[in-house]
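What follows is each chain in one-letter form.
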Protein chains: 2
Amino acid sequence: MVTVTLLGCGGTQPLPDRALSALTVSVGGATLLLDCGEGTQTALRRWGVSAYRITHILLTHYHGDHILGLPGLLQTLSSLGRTAPLTVAGPAGLDAVAAPVSALAGPLPFAVHWQEAGNTPFGAGPLTVTPVPLQHRVPCCGYALHLPRAGRFDTARAKAAGIPVSLWGRLQAGESVDGFTPDQVLGPARRGLTVVYATDTRPCPALLDAARDADLLCMDATYADDADLDKAKLYGHATCRETGALAAKAGVRRLWLTHYSAAVTDLQPGLAAAQSQYPGAVAGTDGLRLELDFDKGDNP
Amino acid sequence: MVTVTLLGCGGTQPLPDRALSALTVSVGGATLLLDCGEGTQTALRRWGVSAYRITHILLTHYHGDHILGLPGLLQTLSSLGRTAPLTVAGPAGLDAVAAPVSALAGPLPFAVHWQEAGNTPFGAGPLTVTPVPLQHRVPCCGYALHLPRAGRFDTARAKAAGIPVSLWGRLQAGESVDGFTPDQVLGPARRGLTVVYATDTRPCPALLDAARDADLLCMDATYADDADLDKAKLYGHATCRETGALAAKAGVRRLWLTHYSAAVTDLQPGLAAAQSQYPGAVAGTDGLRLELDFDKGDNP
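Residues numbered from 1 in each chain as written. Chains lettered and ligands numbered in written order. Predicted model: local features only at pLDDT ≥ 70, side-chain atom pairs only at ≥ 80, totals over all residues. Heavy atoms only, no water.

K.L.:
Explain the relation of the copies chain B and chain A to me, please; I cannot follow it from the model alone.
P.N.:
One copy of the chain maps onto the other through a rotation about an axis plus a displacement along that axis. With an RMSD of 0.1 Å, the operation that places chain B on chain A is a rotation of 180° combined with a shift of 0.0 Å along the axis. Put plainly, the chains are arranged around a two-fold axis. Among all C-alpha atoms of chain B, that of B:Pro100 lies closest to the rotation axis, at 2.2 Å. (Least-squares fit on C-alpha atoms with pLDDT ≥ 70 in both.)

K.L.:
Just checking my understanding: could you explain the sheet that holds strand 11 (residues 216–220) of chain B for this structure?
P.N.:
Whether parallel or antiparallel, the strands of a sheet pair through hydrogen bonds between backbone atoms. An order of 7-8-9-10-11-12-13 (chain B) is seen for the seven strands of this open sheet, with the pairing classed as mixed. The sheet is open, and its two borders are formed by strand 7 (122–124) and strand 13 (282–283) of chain B, each paired with just one other strand. (Pairing = 2+ DSSP bridges. Helix = DSSP H or I, 4+ residues; strand = E, 2+ residues; numbered from the N terminus.)

K.L.:
Would you mind going over the pairing of strand 11 of chain B with me for this structure?
P.N.:
Along any regular strand the residues' side chains alternate between the sheet's two faces. Residues and elements named next belong to chain B. The element strand 11 is extensively covered by neighbouring structure, given that five of its five residues are classed as buried. Sheet topology note: the strand 10 (residues 190–198)/strand 11 ladder contains four bridges and is parallel. By the bridge assignment for strand 11, Val196 is matched with Leu217. Note on the crossover from strand 10 through helix 7 (residues 205–211) to strand 11: the handedness is right-handed. Looking at chain direction, strand 11 and strand 12 (residues 255–258) are connected through four bridges and run parallel. Each residue of the ladder has a partner; that of Met219, found in strand 12, is Leu257. (Buried < 20%, exposed > 50% of the residue type's maximum accessible area, 1.4 Å probe, protein only. Right-handed = clockwise from strand over helix to strand, strands pointing away.)

K.L.:
Would you mind going over the confidence of the model for chain A with me for this structure?
P.N.:
In low-pLDDT segments, the atomic positions of the prediction should not be examined closely. For chain A, mean pLDDT is 95; residues scoring 70 or higher make up 98% of the total. Across the interfaces of the predicted complex, the ipTM metric reaches 0.92, alongside a pTM of 0.93. (pLDDT = per-residue confidence, 0-100.)

K.L.:
Looking at this structure, how should I read the packing of helix 3 (residues 70–79) of chain A against helix 4 (residues 94–105) of chain A?
P.N.:
If you want to describe how two helices pack, look at the angle between their axes and the distance between the axes. Residue and element names in this part refer to chain A. It is the contact of helix 3 with helix 4, at a shortest axis distance of 9 Å, that shows an interaxial angle of 45°. Taken as axis vectors, helix 3 and helix 4 run oblique relative to one another. Crossing hand, helix 3 versus helix 4: right-handed. Counted together, Leu70, Pro71, Leu74 and Gln75 of helix 3 and Val101, Leu104 and Ala105 of helix 4 form the full contact between these two elements. (Axes fitted to C-alpha atoms, helices over the stretch in contact; angles between N-to-C directions. Parallel < 35°, antiparallel > 145°, perpendicular 65-115°, else oblique. Left-handed = near helix turned anticlockwise from the far one by under 90°. Contact = heavy atoms within 4.5 Å.)

K.L.:
What's the story with the packing of aromatic side chains in this structure? I'm lost.
P.N.:
For any pair of aromatic rings, the description consists of the separation of the ring centres together with the inter-plane angle of the planes. On inspection of all chains with the given rule, the structure shows two aromatic pairs over all chains. For the pair A:Phe153 and A:Trp168, a centre-to-centre distance of 5.2 Å together with 40° between the ring planes defines the contact as tilted. Of this pair, A:Phe153 sits in the loop between strand 9 (141–149) and helix 5 (155–160) while A:Trp168 is found in helix 6 (residues 168–172), placing the two residues 15 residues apart along the sequence. For the pair A:Phe153 and A:Trp168, one class covers both residues: buried. B:Arg82 extends its terminal NZ or CZ atom over the ring of B:Phe110, reaching a point 5.5 Å from the ring centre. (Phe/Tyr/Trp six-rings, centres within 6.5 Å; stacked < 30°, edge-to-face > 60°. Lys NZ or Arg CZ within 6 Å of the ring centre and 35° of its normal.)

K.L.:
Can you walk me through helix 4 (residues 94–105) of chain B in this structure?
P.N.:
Every α-helix carries 3.6 residues per turn, so stepping three or four residues along brings you back to the same face. Residues and elements named next belong to chain B. In a regular helix each residue adds 1.5 Å, so 12 residues correspond to 16 Å; helix 4 covers 16 Å between its end C-alpha atoms and thus fits that length. Every buried residue of helix 4 is listed here: Leu94, Val97, Ala98, Pro100, Val101, Leu104 and Ala105. Just downstream of helix 4, Gly106 is the residue with a positive phi angle, here 80°. (Expected span 1.5 Å × (residues − 1).)

K.L.:
Would you take a moment to explain the interface of chain B and chain A for this structure?
P.N.:
Many descriptions give the size of an interface as the accessible area lost when the pieces come together. If you look at the interface, chain B gives 26 residues, while chain A gives 26 residues. Buried area between chain B and chain A, summed over both chains or domains, comes out near 2,200 Å², and the portion from carbon and sulfur atoms is 58%. Counting across the interface, chain B meets chain A through zero salt bridges. Summed over the shared surface of chain B and chain A, the result is 10 residue pairs in polar contact (both at pLDDT 80 or more). Among the secondary structure elements, those contributing two or more residues to the side of chain B that touches chain A are helix 1 (40–46), helix 2 (64–67), helix 3 (70–79) and helix 4 of chain B. Split by residue class, the side of chain B that touches chain A holds 10 nonpolar, 12 polar and four charged. (Buried area = accessible area lost by both parts, 1.4 Å probe. Salt bridge = Lys/Arg side-chain N within 4 Å of Asp/Glu carboxyl O. Polar contact = N/O pair within 3.5 Å; in protein donor to acceptor, adjacent residues only side chain to side chain. Nonpolar A, V, L, I, M, F, W, Y, C, P; charged D, E, K, R; others polar.)

K.L.:
Can you walk me through the environment of B:Cys141 in this structure?
P.N.:
Inspection of the secondary structure puts B:Cys141 in strand 9 (residues 141–149). Through-space distance from the C-alpha of B:Cys141 to that of B:Ala92 is 9.5 Å; in sequence the pair is 49 residues apart.

K.L.:
It is not clear to me how the pairing of strand 5 (residues 86–90) of chain B should be interpreted in this structure. Could you clarify?
P.N.:
Residue and element names in this part refer to chain B. Here strand 5 lies mainly inside the structure; five of its five residues are buried. What you see with strand 5 is no split at all: Leu86, Val88 and Gly90 on one side and Thr87 and Ala89 on the other are buried throughout. Relative to strand 5, strand 4 (residues 54–58) runs parallel, the two being bridged by three bridges. Looking at the pairing, His56 lines up with Thr87 of strand 5. Sheet analysis places strand 5 next to strand 6 (residues 112–116), joined by five bridges and oriented parallel.

Structure (structure tokens):
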């Protein structure tokens, strides 16, 4: 099961009742944190997501509202007694952030691997992370997180091949064992689960591609009204209508709006604008949570 | 009038319902901010203290829970269009903080004057700030903030000296004008207002001296119970009983407890321990506010 938690849905400045945009994706006891603005460690606590289990922090870009929670989170992980290494990934320019963050965090009892995300997919526990180049006013990347799903287990073929029942579980999990291989007993891989996090950005072709048929797209919806379209273009953000339109075009299964301008106090007009394009759009709110499971009809 | 606002009362880690310890002291349209842990800009907003009016940020020391809100606050001041210079003061070692904080905050449209506080009093608007060397496990200083009060205006002397009534206001405000000087018309200086902020620290002689007869002492009360006295000594903090005892010995007029350990969930036992020494002790809570005024019987 994949658990997705929207820790906050605000852009630019943290507000008393709206934390900065950040998302966690948890699967199999590990958690990926996407973005880490000031207050993210508090939001983790508020919404019951264990900071201790974070294995990767994926940064979209290096504006303060996406990174300034890093030194405090690293210190808190230290005081929690973490010793496991932590990967922090982000687009070009990561070194310029790693140095001052490390200086402020001070000595840590665990290793931090700072890793420029580039354009190549990489593994993070059971997930495959694909960086998605976004269109912001600085280098920025979203992330498509994919949990693959193996094919159906074919008991008839397993029996015919004389594979002991005690090995079936490991073969089903994709492991080769005692000379037997998964392809002997598994059908074609089935549809997995995909979560895409994309802020800060204009709607753009790379995001449209990455989001096709995604189970969840959580996307920049900075401006409620298309009256702010010029500002959206100038600052590299999207209006809620644009976000709904991209979601509809990509055929995503769920859409969460996030990264609202601090000037947005009422979420309804922006939600209506998104729903005019994608009727199922959901206005992101702090603590919004979704559980995706292969076995619950989410991916028939 | 001096307005004192406790922005948060927590130590070490920010909690969803307990921001990190920080205090503002506002007088005459200017605000001094004491400590700036992660989330301080949010607490300023929550409690209605204008970040824009901050003229000085006084740091007690450089542990993360006292400084990691700086980059975000500087960026927010920038987005508020601040152009007025800002002073950031703190004990020895400030340079090592200034560099990474400035790197993360990025270019700002206002000057930041980083100033090691040393042991010499300095002016901050109408206030005199006296650094108070504390006993923590790193160099640490508290601050005594003093608002002086001029002597009574002697109208009989003013008339006898032939001073035009139009000049009385400026003379009363301490200004020399048209050859007349304040000492011609003012009685001896009266008792002013003093606010002392002291965390993180053991009880110590310098703090006892600085706090004598203070209008308000806001002091480290990390541990509720003297069962944690060894920890308090090891980590350079105070127990609530110790804090009450210092306040009583110093004869302060008001005591606020602050910087509670994250392990303290119920404030009552610690408050009772403090009150066993200083009956008027108040358990600091986020947003606690006090208005001190010469004219309202606070300083007869």
